[in-house]
Amino acid sequence: MAYDKFDILKTTAVPLPIENVDTDQIIPARFLKATERKGFGDNLFRDWRYNPDNSPKEDFVLNNPTFSGKILVGGKNFGSGSSREHAAWAVYDYGFRCVVSSFFADIFKNNCLNIGVLPVQVSAPFLEKIFEAIYADPKTELVVNLPEQTITLTTTGESESFDINHYKKDNMLNGFDDIDYLLNIKENIRAFAEDTPL
Amino acid sequence: MKKTLFDKVWDSHVVHKIENGPDVLFIDRHMVHEVTSPVAFLGLKSRGIPVMYPGRTFATADHNTPTINQHLPVKDPLSANQLKALEENSKAHGISYWGLGHEKNGIVHVVGPEYGITQPGATIVCGDSHTSTHGAFGAIAFGIGTSEVEMVLATQCIMQQKAKSMRINVNGKLSLGVTPKDVALYIISKLTTSGATGYFVEYAGDVFRNMTMEGRMTVCNLSIEMGARGGMIAPDEKTFEYIKGREFTPVGADWDKAMEYWKTLKTDEGASFDKEITFDAADIEPMITYGTNPGMGIGISNGIPKAESLEGGVATYKKSLHYMAFHEGDNMIGKPIDFVFLGSCTNGRIEDFRAFASIVKGRKKADNVTAWLVPGSHKVESAIKEEGILDILNAAGFELREPGCSACLAMNDDKVPAGKYAVSTSNRNFEGRQGPGSRTLLASPLVAAAAAVTGKVTDPRELMQEELV
Ligand code: SF4
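Residues numbered from 1 in each chain as written. Chains lettered and ligands numbered in written order. Predicted model: local features only at pLDDT ≥ 70, side-chain atom pairs only at ≥ 80, totals over all residues. Heavy atoms only, no water.

**Q** Describe the overall build of chain A, listing the residues and the values that go with them.
**A** Within chain A, the regular secondary structure consists of eight helices and seven strands. Relative to the globule expectation of 16 Å for 198 residues, the C-alpha radius of gyration of chain A, 18 Å, shows essentially globular dimensions. Oriented by its inertia axes, the alpha-carbon framework of chain A measures out at about 60 × 45 × 25 Å. Sequence separation of at least 24 residues holds for 66% of the intrachain contacts in chain A that already meet a minimum separation of 6. Entry remark: accessible area of chain A is about 8,200 Å², with carbon and sulfur atoms responsible for 47%. Averaged over its 20 positive side-chain charges, chain A has a centre that lies 4 Å from the centre of its 29 negative ones. (Helix = DSSP H or I, 4+ residues; strand = E, 2+ residues; numbered from the N terminus. Rg over C-alpha atoms; globule rule 2.2 N^0.38 Å. Contact = heavy atoms within 4.5 Å. Areas by Shrake-Rupley, 256 points an atom, 1.4 Å probe, with all protein chains shown as cover. Lys, Arg positive; Asp, Glu negative; His and termini not counted. Charge placed at Lys NZ, Arg CZ, Asp CG, Glu CD.)

**Q** If you had to explain the layout of surface pockets to someone new, which residues and values would you point to?
**A** Residues and elements named next belong to chain B. For the largest pocket, the calculated volume is near 920 Å³. Along the walls of the largest pocket sit 38 residues, with Thr192, Asn293, Gly295, Met296 and Leu310 positioned nearest its centre. For the lining of the largest pocket, the secondary-structure elements that each account for two or more residues are α6 (180–191), β14 (297–299) and α11 (314–324). Counting residues per element, the lining of the largest pocket draws most heavily on α11, at four residues. (1 Å grid on protein atoms, 1.4 Å probe; cavity = no way out; pocket = protein on both sides within 12 Å on 5 of 7 lines; lining within 4 Å. Points joined across faces, edges and corners; volume = space filled by probe spheres on them.)

**Q** Account for the site of the ligand, naming residues and giving values.
**A** Residue and element names in this part refer to chain B. The local shell around the ligand consists of His63, Ile107, His109, Asp128, His130, Ser344, Cys345, Cys405, Cys408, Leu409, Asn427 and Arg433. More than half of the atoms belonging to the ligand lie within 2 Å of the grid points that define the largest cavity. Its residues assigned to classes, the shell around the ligand comprises five nonpolar, five polar and two charged. (Near = heavy atom within 4 Å. Sits in = over half its atoms within 2 Å of the grid points. Nonpolar A, V, L, I, M, F, W, Y, C, P; charged D, E, K, R; others polar.)

**Q** Explain the sheet that holds strand β3 (residues 98–101) of chain A residue by residue, including any values.
**A** All names here are of chain A. Strand order in the open sheet formed by seven strands is β4-β3-β2-β1-β5-β6-β7, and the pairing between neighbours is mixed. Here the strands that pair on one side only, and so sit at the sheet edges, are β4 (118–121) and β7 (159–161). Here the average twist between neighbouring strands, direction ignored, is 25 degrees. Where strand β1 (residues 8–16) lies against strand β5 (residues 141–145), five bridges are found, and the strand directions are antiparallel. Residue pairing in the sheet places lysine 10 in a bridge with valine 143 of β5. (Pairing = 2+ DSSP bridges. Axes fitted to C-alpha atoms, helices over the stretch in contact; angles between N-to-C directions.)

**Q** Give a description of the interface of chain B and chain A that names residues and reports values.
**A** Tallying the contact residues gives 66 residues for chain B and 54 residues for chain A. Across the chain B to chain A interface the summed buried area is about 5,000 Å²; carbon plus sulfur atoms make up 60%. When the area that chain B buries against chain A is broken down by residue, the three leading residues are Val39, Arg47 and Met159 of chain B, summing to 11%. For the pair chain B and chain A, the number of links is four salt bridges. Close ionic contact of arginine 47 of chain B with aspartate 180 of chain A constitutes a salt bridge, the shortest N to O distance being 3.1 Å. At the level of elements, β1 (14–17), β2 (23–26), α2 (38–47), α3 (77–93), α5 (146–155), β8 (157–160) and α11 of chain B are the ones that each hand at least two residues to the side of chain B that touches chain A. When residues of the side of chain B that touches chain A are assigned to their parent elements, the largest contribution, seven residues, is made by α5 of chain B. The class makeup of the residues in the side of chain B that touches chain A is 25 nonpolar, 28 polar and 13 charged. (Buried area = accessible area lost by both parts, 1.4 Å probe. Salt bridge = Lys/Arg side-chain N within 4 Å of Asp/Glu carboxyl O.)

**Q** So, the sheet that holds strand β16 (residues 370–373) of chain B: which residues are in play, and what are the values?
**A** Residue and element names in this part refer to chain B. Read across the sheet, four strands follow the order β16-β15-β17-β18 without closing on themselves; strand pairing throughout is parallel. Looking at which strands have only one partner, the edges of the open sheet turn out to be β16 and β18 (439–442). Direction aside, the axes of adjacent strands within the sheet are offset by 20 degrees on average. Where strand β15 (residues 339–342) lies against β16, four bridges are found, and the strand directions are parallel. Within the sheet, the bridge partner assigned to phenylalanine 339 lies in β16 and is threonine 370. Helix α13 (residues 350–360) rests against β15 and β16 of the sheet, and its axis sits at about 140 degrees to β15.

**Q** Talk me through the pairing of strand β7 (residues 140–143) of chain B; I want residue IDs and the actual numbers.
**A** All names here are of chain B. Side chains Ile140 and Phe142 project from β7 onto one buried face, and the interleaved Ala141 and Gly143 project onto a second face that is buried too. Two elements, strand β6 (residues 123–126) and β7, share four bridges in a ladder whose sense is parallel. Across the sheet, residue valine 125 finds its bridge partner in β7, namely phenylalanine 142. (Buried < 20%, exposed > 50% of the residue type's maximum accessible area, 1.4 Å probe, protein only.)

**Q** For the nonpolar core, give the residues involved together with the corresponding values.
**A** Residues Phe45 of chain A together with Phe356 of chain B are the most contacted members of the largest nonpolar core, which totals 127 residues. At eight residues, the largest contribution of residues to this core is made by helix α16 (residues 445–454) of chain B. Once residues within four sequence positions are removed from consideration, phenylalanine 45 of chain A is found in contact with Leu16, Val21, Gln25, Ile26, Phe60, Leu62, Leu72 and Phe78 of chain A. (Core = buried A, V, L, I, M, F, W, Y, C linked by side-chain atoms within 4.5 Å.)

**Q** Give a detailed account of the packing of helix α4 (residues 106–115) of chain A against α5 of chain B, specifying residues and quantitative values.
**A** The description of two packed helices rests on the angle between their axes and on the distance between the axes. Their axes nearest at 9 Å, the elements α4 of chain A and α5 of chain B cross at an angle of 70 degrees. With respect to α5 of chain B, the axis of α4 of chain A lies roughly perpendicular. Counting all contacts with α4 of chain A, which are made through Asn110, Asn111, Asn114 and Ile115 of chain A, the residues of α5 of chain B involved are Ser147, Glu148 and Met151 of chain B. In the contact of α4 of chain A with α5 of chain B, the residues fall into two nonpolar, four polar and one charged. (Parallel < 35°, antiparallel > 145°, perpendicular 65-115°, else oblique.)

What follows is the structure, given as structure tokens:
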């Protein structure tokens with residue numbers, strides 16, 4: 001599925017300083033019953049965001065108008081657990097284009113890259129600084145520069161570089177996905193398959 | 001060059017290498033289910049392309065299916081819609097479909113091995129993280145996201161960076177009451193839920209050698225819970241014996257040829273791993289979790305750790321205990337429970353039912369406990385009946401449900417109510433995993449059985465020793 005190209009993102013951010021946020025929290029299983037990729041943002045962090053009677057939980061950050069922006073800043077080991085891509089869809093559909101953490105679970109990170117959400121892994125001290133800066137001033141902007149692979153706190157000018165696989169970076173910059181690439185080498189695949197018994 | 005088992009299988013499936021990028025990996029077998037596939041099929045449709053090799057994909061319905069009255073139409077319209085979509089998509093693309101009511105229906109990771117779809121040296125993927133289960137046969141098997149499901153349908157390939165390698169050795173002899181589930185929960189408690197992130201794990205050592213295929217599946221199944229991409233165990237005589245004669249297993253000359261390859265599937269002497277860890281079997285006792293991730297497990301006779309004894313994350317730790325309504329230092333034994341769930345792709349196979357039955361035999365289900373006993377497949381269900389296990393369960397006041405994922409992820413009606421405690425043989429104790437507000441204690445079938453007959457967390461060894469006397 002095509003997504004918007006990612007280049008340089010300058011925006012405020014939403015802090016969620018909780019560790020081991022698993023994909024069951026990001027989107028509970030009972031919301032996985034759709035047959036189309038629509039409306040998942042409404043149920044992002046459903047059970048942390050709403051009471052059983054659907055009233056918003058006021059102490060949850062997504063219900064706090066002080067914080068907003070296109071970047072979600074999470075605690076260590078973000079996105080663990082279930083492989084559901086719906087978690088990444090929910091993040092994207094809610095309006096985030098980037099998730100920052102000091103550590104990501106593998107499948108979640110992969111899923112994000114496949115659908116146009118940029119996972120940015122920073123050092124633990126830098127993550128702390130980001131949280132501190134946002135809490136000190138929720139209007140603090142972050143700049144995520146994909147071509148340069150840097151993330152910068154505009155308030156202090158402090159910056160860190162982040163890793164991203166060259167191929168995935170290219171895809172993100174152009175809004176391409178893997179299937180486009182694979183369909184181009186279909187003949188190689190066919191030749192390989194013929195030599196590989198079922 | 002000396003190679004690990006993982007290297008051997010991986011390298012032989014690389015179709016193409018992208019410089020500074022992922023490998024294009026050929027996928028031998030692909031399993032799909034109703035929840036993570038509909039959007040992938042829609043993607044194919046919008047691109048106007050077919051499934052490249054429909055014979056390599058197998059579909060089963062399991063995640064949101066009811067576990068009673070499967071012969072009736074599915075009541076929940078959203079679930080029914082997903083099931084219908086899977087059936088139609090399978091038909092339209094010529095994929096074999098084992099839907100509700102089909103004799104081969106069951107949890108995707110249970111039926112794969114049962115019918116010989118799972119084979120040594122194969123690459124196997126599915127849009128479910130516990131695909132790692134199939135690694136028990138020496139396959140590279142891992143869970144994928146929906147975009148990747150679409151990728152495999154469209155091209156039979158996936159793009160992946162090769163993972164780092166880790167070997168986990170467990171040597172020695174397991175003591176009474178210690179099952180493969182306990183070995184896995186023990187390892188996860190030591191490594192934490194992110195300890196193996198970025199790695200593919202090989203399990204080695206006499207504990208795994210001596211384990212049955214079913215036990216190996218339980219262990220590999222839980223690899224994902226320490227963050228690993230997957231886990232695998234070198235195939236041996238036990239493996240070959242298990243797969244021989246199954247529906248999708250090769251026969252005749254093909255079998256001989258396959259065996260020739262399969263026998264090469266072990267890590268070369270002296271091959272190196274990026275990380276290697278060794279544990280002693282004697283240190284492991286029956287395990288139980290007390291928190292909201294599978295790494296929060298302890299030996300059942302221990303107390304809940306104090307926050308200061310843990311590395312980092314005190315606030316997260318306290319939040320977790322608060323959710324569970326447990327306190328630091330509490331003993332687990334004696335804690336009252338409300339539900340017991342025996343099932344899932346972790347512990348829903350025949351050996352798990354045998355283990356459960358061995359404890360409940362001659363006892364009675366505790367009145368305060370609601371028990372859901374859910375076989376992993378129809379094949380398991382039949383074996384339960386044929387072996388007389390059903391009679392033992394019924395005599396003890398238990399009923400058997402119909403196969404499916406059930407309370408493992410509570411997408412159907414099998415939901416644990418808010419605030420209630422469930423001892424579950426499944427794989428995840430996340431907040432709300434078994435229903436909004438549910439509190440899950442992960443454990444082995446023996447611990448689940450002990451809880452089911454006593455109504456509280458109980459050391460199964462006590463009930464087993466009574467038998468020995
Ligand atoms: S039993 Fe649970 S973990 Fe296994 S396939 Fe079903 S939902 Fe996934």
